[in-house]
Amino acid sequence: NAGVTQTPKFRILKIGQSMTLQCTQDMNHNYMYWYRQDPGMGLKLIYYSVGAGITDKGEVPNGYNVSRSTTEDFPLRLELAAPSQTSVYFCASRRVAGELFFGEGSRLTVL
Amino acid sequence: TQLLEQSPQFLSIQEGENLTVYCNSSSVFSSLQWYRQEPGEGPVLLVTVVTGGEVKKLKRLTFQFGDARKDSSLHITAAQPGDTGLYLCAGEEYGNKLVFGAGTILRVKS
(Lines give C-alpha, C1' and ligand atoms only; values in the text may rest on other atoms or scores of the structure.)
Protein backbone atom coordinates (compact mmCIF):
# COMPACT_ATOMS: atom_id res chain seq x y z
CA ASN A 1 0.00 0.00 0.00
CA ALA A 2 2.24 2.80 -1.31
CA GLY A 3 -0.15 5.77 -0.86
CA VAL A 4 1.29 8.93 -2.46
CA THR A 5 4.71 8.55 -4.08
CA GLN A 6 6.86 11.51 -5.08
CA THR A 7 10.07 11.50 -7.09
CA PRO A 8 12.76 12.68 -6.89
CA LYS A 9 13.28 13.21 -3.16
CA PHE A 10 16.15 15.65 -3.72
CA ARG A 11 17.24 17.70 -6.69
CA ILE A 12 19.62 20.57 -7.37
CA LEU A 13 18.88 22.73 -10.41
CA LYS A 14 20.75 25.55 -12.06
CA ILE A 15 18.93 28.81 -12.74
CA GLY A 16 16.99 28.53 -15.99
CA GLN A 17 16.80 24.74 -16.06
CA SER A 18 13.49 22.90 -16.20
CA MET A 19 12.31 19.75 -14.49
CA THR A 20 9.25 17.71 -13.59
CA LEU A 21 8.33 16.50 -10.12
CA GLN A 22 6.42 13.24 -10.36
CA CYS A 23 3.48 12.31 -8.14
CA THR A 24 1.42 9.15 -8.25
CA GLN A 25 -1.21 7.75 -5.89
CA ASP A 26 -2.72 4.29 -5.70
CA MET A 27 -5.79 5.10 -3.58
CA ASN A 28 -8.07 6.01 -6.50
CA HIS A 29 -8.49 9.52 -5.11
CA ASN A 30 -10.09 12.08 -7.38
CA TYR A 31 -8.53 15.14 -5.75
CA MET A 32 -4.83 15.87 -5.97
CA TYR A 33 -2.81 18.88 -4.82
CA TRP A 34 0.66 20.37 -5.08
CA TYR A 35 1.99 22.51 -2.24
CA ARG A 36 5.32 24.16 -1.54
CA GLN A 37 6.68 24.71 1.94
CA ASP A 38 9.47 27.09 2.88
CA PRO A 39 11.47 26.44 6.11
CA GLY A 40 9.36 26.69 9.27
CA MET A 41 6.33 27.86 7.35
CA GLY A 42 2.95 26.60 6.26
CA LEU A 43 2.05 25.16 2.88
CA LYS A 44 1.21 27.27 -0.15
CA LEU A 45 -1.12 25.75 -2.74
CA ILE A 46 0.37 25.74 -6.24
CA TYR A 47 -2.17 23.79 -8.31
CA TYR A 48 -4.89 21.29 -7.67
CA SER A 49 -7.08 18.87 -9.62
CA VAL A 50 -10.51 17.44 -8.92
CA GLY A 51 -10.24 14.72 -11.54
CA ALA A 52 -8.53 13.57 -14.71
CA GLY A 53 -8.44 16.34 -17.29
CA ILE A 54 -9.28 19.08 -14.75
CA THR A 55 -6.72 21.38 -13.14
CA ASP A 56 -6.94 24.74 -11.41
CA LYS A 57 -4.58 27.36 -10.02
CA GLY A 58 -3.90 27.74 -6.34
CA GLU A 59 -2.29 30.61 -4.42
CA VAL A 60 1.16 30.58 -6.08
CA PRO A 61 0.93 29.10 -9.62
CA ASN A 62 3.42 31.36 -11.41
CA GLY A 63 6.43 29.48 -12.76
CA TYR A 64 4.70 26.09 -12.60
CA ASN A 65 2.50 23.92 -14.79
CA VAL A 66 0.56 20.72 -14.18
CA SER A 67 -1.36 18.09 -16.10
CA ARG A 68 -3.75 15.33 -15.02
CA SER A 69 -4.13 12.77 -17.79
CA THR A 70 -4.94 9.91 -15.41
CA THR A 71 -6.50 9.58 -11.95
CA GLU A 72 -3.21 8.27 -10.54
CA ASP A 73 -0.66 10.82 -11.80
CA PHE A 74 -0.27 14.56 -11.22
CA PRO A 75 3.15 15.81 -12.36
CA LEU A 76 4.37 19.34 -11.57
CA ARG A 77 6.53 21.06 -14.18
CA LEU A 78 8.97 23.83 -13.32
CA GLU A 79 9.98 25.95 -16.30
CA LEU A 80 13.03 28.25 -16.14
CA ALA A 81 13.87 27.54 -12.50
CA ALA A 82 14.60 30.53 -10.25
CA PRO A 83 16.17 30.71 -6.76
CA SER A 84 12.74 31.70 -5.39
CA GLN A 85 11.54 28.19 -6.26
CA THR A 86 13.92 26.64 -3.76
CA SER A 87 11.55 24.84 -1.41
CA VAL A 88 10.13 21.51 -0.32
CA TYR A 89 7.29 20.38 -2.57
CA PHE A 90 4.50 18.15 -1.31
CA CYS A 91 1.97 16.28 -3.37
CA ALA A 92 -1.25 15.20 -1.67
CA SER A 93 -4.46 13.41 -2.55
CA ARG A 94 -7.82 12.80 -0.96
CA ARG A 95 -11.35 11.59 -1.48
CA VAL A 96 -14.18 14.09 -1.63
CA ALA A 97 -14.13 16.22 1.57
CA GLY A 98 -11.67 13.93 3.29
CA GLU A 99 -8.24 13.79 4.83
CA LEU A 100 -5.24 14.86 2.77
CA PHE A 101 -2.66 12.12 2.33
CA PHE A 102 0.79 13.52 1.66
CA GLY A 103 3.85 12.20 -0.08
CA GLU A 104 7.25 12.37 1.61
CA GLY A 105 8.15 15.60 -0.15
CA SER A 106 10.68 16.64 -2.79
CA ARG A 107 13.44 19.00 -1.70
CA LEU A 108 14.46 21.30 -4.55
CA THR A 109 17.40 23.71 -4.53
CA VAL A 110 17.93 26.21 -7.36
CA LEU A 111 21.43 27.68 -7.55
CA THR B 1 -8.12 33.55 -2.24
CA GLN B 2 -8.97 33.46 1.44
CA LEU B 3 -6.23 34.19 3.95
CA LEU B 4 -5.85 31.99 7.00
CA GLU B 5 -3.96 33.63 9.84
CA GLN B 6 -2.47 31.46 12.54
CA SER B 7 -1.18 32.65 15.90
CA PRO B 8 1.15 32.47 17.60
CA GLN B 9 3.87 31.69 15.07
CA PHE B 10 6.09 30.14 17.70
CA LEU B 11 5.42 28.79 21.18
CA SER B 12 7.96 27.43 23.64
CA ILE B 13 6.52 26.10 26.90
CA GLN B 14 7.35 23.78 29.78
CA GLU B 15 5.94 20.29 30.07
CA GLY B 16 2.58 20.35 31.85
CA GLU B 17 1.50 23.79 30.69
CA ASN B 18 -1.63 24.47 28.65
CA LEU B 19 -1.69 26.31 25.32
CA THR B 20 -4.05 27.50 22.62
CA VAL B 21 -3.37 28.02 18.92
CA TYR B 22 -5.70 30.18 16.85
CA CYS B 23 -6.66 30.10 13.19
CA ASN B 24 -8.63 33.05 11.82
CA SER B 25 -10.06 34.19 8.51
CA SER B 26 -12.41 36.89 7.29
CA SER B 27 -14.14 34.34 5.07
CA VAL B 28 -16.30 31.29 5.60
CA PHE B 29 -15.01 27.76 5.12
CA SER B 30 -17.04 24.64 4.41
CA SER B 31 -14.75 22.75 6.78
CA LEU B 32 -11.49 23.18 8.61
CA GLN B 33 -8.76 20.67 9.30
CA TRP B 34 -5.86 20.62 11.75
CA TYR B 35 -2.60 18.85 10.89
CA ARG B 36 0.61 18.16 12.75
CA GLN B 37 3.93 17.93 10.95
CA GLU B 38 7.27 16.64 12.17
CA PRO B 39 10.61 17.58 10.54
CA GLY B 40 11.25 15.81 7.24
CA GLU B 41 7.74 14.41 6.98
CA GLY B 42 4.42 15.39 5.44
CA PRO B 43 1.58 16.73 7.61
CA VAL B 44 -0.73 14.23 9.30
CA LEU B 45 -4.39 14.95 9.96
CA LEU B 46 -5.49 15.47 13.56
CA VAL B 47 -9.13 16.43 13.10
CA THR B 48 -11.74 17.83 10.71
CA VAL B 49 -14.47 20.19 11.93
CA VAL B 50 -17.46 20.90 9.75
CA THR B 51 -20.32 22.40 11.76
CA GLY B 52 -20.25 25.93 13.19
CA GLY B 53 -19.73 25.74 16.97
CA GLU B 54 -18.47 22.19 16.78
CA VAL B 55 -16.08 20.98 19.49
CA LYS B 56 -14.00 17.83 19.09
CA LYS B 57 -11.68 16.24 21.61
CA LEU B 58 -8.73 14.00 20.87
CA LYS B 59 -7.20 12.94 24.20
CA ARG B 60 -5.53 16.13 25.52
CA LEU B 61 -6.35 18.14 22.38
CA THR B 62 -9.58 20.12 22.03
CA PHE B 63 -10.59 21.64 18.71
CA GLN B 64 -13.29 24.23 18.22
CA PHE B 65 -14.86 25.62 15.03
CA GLY B 66 -16.31 29.12 15.31
CA ASP B 67 -20.06 29.60 15.03
CA ALA B 68 -19.63 31.49 11.76
CA ARG B 69 -17.14 28.93 10.39
CA LYS B 70 -14.47 31.62 9.98
CA ASP B 71 -12.14 30.67 12.83
CA SER B 72 -10.91 27.73 14.84
CA SER B 73 -8.77 26.98 17.86
CA LEU B 74 -6.66 24.12 19.12
CA HIS B 75 -6.18 23.78 22.87
CA ILE B 76 -3.65 21.38 24.35
CA THR B 77 -3.91 20.48 28.04
CA ALA B 78 -0.83 19.47 30.00
CA ALA B 79 1.53 19.58 27.04
CA GLN B 80 4.18 16.88 26.72
CA PRO B 81 7.49 16.84 24.82
CA GLY B 82 5.88 14.47 22.30
CA ASP B 83 3.52 17.30 21.31
CA THR B 84 6.44 19.21 19.81
CA GLY B 85 5.94 19.93 16.11
CA LEU B 86 4.43 22.25 13.53
CA TYR B 87 0.67 22.65 13.82
CA LEU B 88 -1.19 23.68 10.68
CA CYS B 89 -4.79 24.65 10.09
CA ALA B 90 -6.29 24.19 6.64
CA GLY B 91 -9.54 25.66 5.42
CA GLU B 92 -11.59 24.18 2.63
CA GLU B 93 -12.93 26.77 0.25
CA TYR B 94 -16.01 25.91 -1.75
CA GLY B 95 -14.71 24.20 -4.89
CA ASN B 96 -12.41 21.79 -3.04
CA LYS B 97 -9.45 24.14 -2.74
CA LEU B 98 -7.69 23.49 0.57
CA VAL B 99 -5.48 26.34 1.83
CA PHE B 100 -3.17 26.30 4.83
CA GLY B 101 -2.23 28.81 7.48
CA ALA B 102 1.42 29.72 8.10
CA GLY B 103 1.67 27.26 10.98
CA THR B 104 2.55 27.34 14.68
CA ILE B 105 5.86 25.85 15.79
CA LEU B 106 5.36 24.29 19.23
CA ARG B 107 8.27 23.30 21.43
CA VAL B 108 7.56 21.58 24.73
CA LYS B 109 10.52 21.40 27.07
CA SER B 110 10.87 18.68 29.71
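Look up a bit, the structure's there.
My aim in this report is to walk through the structure given alongside it, one point at a time. (Residues numbered from 1 in each chain as written. Chains lettered and ligands numbered in written order. Predicted model: local features only at pLDDT ≥ 70, side-chain atom pairs only at ≥ 80, totals over all residues. Heavy atoms only, no water.)

Quick look at the pattern of salt bridges
On inspection of all chains with the given rule, the structure shows seven salt bridges over all chains. Arg77 of chain A is paired through a salt bridge with Glu79 of chain A; the nearest N and O atoms lie 3.1 Å apart. (Salt bridge = Lys/Arg side-chain N within 4 Å of Asp/Glu carboxyl O.)

A short note on the environment of Gln9 of chain B
Residues and elements named next belong to chain B. In this structure, Gln9 sits in the loop between β1 (5-7) and β2 (10-14). The exposed category is assigned to Gln9, whose relative accessible area is 55%. Measuring from C-alpha to C-alpha, the distance between Gln9 and Arg69 comes to 22 Å, with 60 residues separating the pair along the chain. (Helix = DSSP H or I, 4+ residues; strand = E, 2+ residues; numbered from the N terminus. Buried < 20%, exposed > 50% of the residue type's maximum accessible area, 1.4 Å probe, protein only.)

Looking at the interface of chain A and chain B
Every contact between the two is made by 22 residues of chain A and, on the other side, 22 residues of chain B. Of the roughly 1700 Å² buried where chain A meets chain B, counting both sides, 55% is carbon and sulfur surface. Notably, a salt bridge pairs Arg94 of chain A with Glu92 of chain B, separated by 2.6 Å at the nearest N-O pair. The interface formed by chain A and chain B holds eight residue pairs in polar contact (both at pLDDT 80 or more) in total. Listing elements by their share of the side of chain A that touches chain B, those giving two or more residues are β4 (31-37), β5 (43-51) and β9 (87-94) of chain A. For the side of chain A that touches chain B, the class distribution of residues is twelve nonpolar, five polar and five charged. (Contact = heavy atoms within 4.5 Å. Buried area = accessible area lost by both parts, 1.4 Å probe. Polar contact = N/O pair within 3.5 Å; in protein donor to acceptor, adjacent residues only side chain to side chain. Nonpolar A, V, L, I, M, F, W, Y, C, P; charged D, E, K, R; others polar.)

Overview of the side chain of Ser49 of chain A
Residue and element names in this part refer to chain A. By secondary structure assignment, the location of Ser49 is in strand β5. Engagement of the side chain of Ser49 in a polar contact is seen with the backbone oxygen of Ile54, the distance being 2.5 Å. A polar contact is formed between the side chain of Ser49 and the side chain of Arg68, at a distance of 2.7 Å. The contacts of Ser49, once residues within four sequence positions are left out, are Asn30, Tyr31, Met32, Ile54, Thr55, Arg68 and Phe74.

Overview of the state of the cysteines
Summed over the entire model, instances satisfying the criterion amount to two disulfides over all chains. Note on cysteine connectivity: Cys23 of chain A is disulfide-linked to Cys91 of chain A, with sulfurs 1.9 Å apart. Here Cys23 of chain A and Cys91 of chain A share a disulfide; its torsion about the S-S bond, -70°, makes the bridge left-handed. You can see Cys23 of chain A sitting in strand β3 (residues 19-25) and its partner Cys91 of chain A sitting in strand β9, a full 68 residues away along the chain. For the pair shown, Cys23 of chain A and Cys91 of chain A are each scored as buried. The side chain of Cys23 of chain B participates in a disulfide bridge whose partner is Cys89 of chain B; the two sulfur atoms lie 2.0 Å from each other. Residues Cys23 of chain B and Cys89 of chain B are joined through a disulfide that is right-handed, its torsion about the S-S bond being 75°. You can see Cys23 of chain B sitting in strand β3 (residues 19-24) and its partner Cys89 of chain B sitting in strand β9 (residues 85-93), a full 66 residues away along the chain. Residue class for Cys89 of chain B comes out buried when judged on its relative accessible area of 0%. (Disulfide = S-S within 2.5 Å.)

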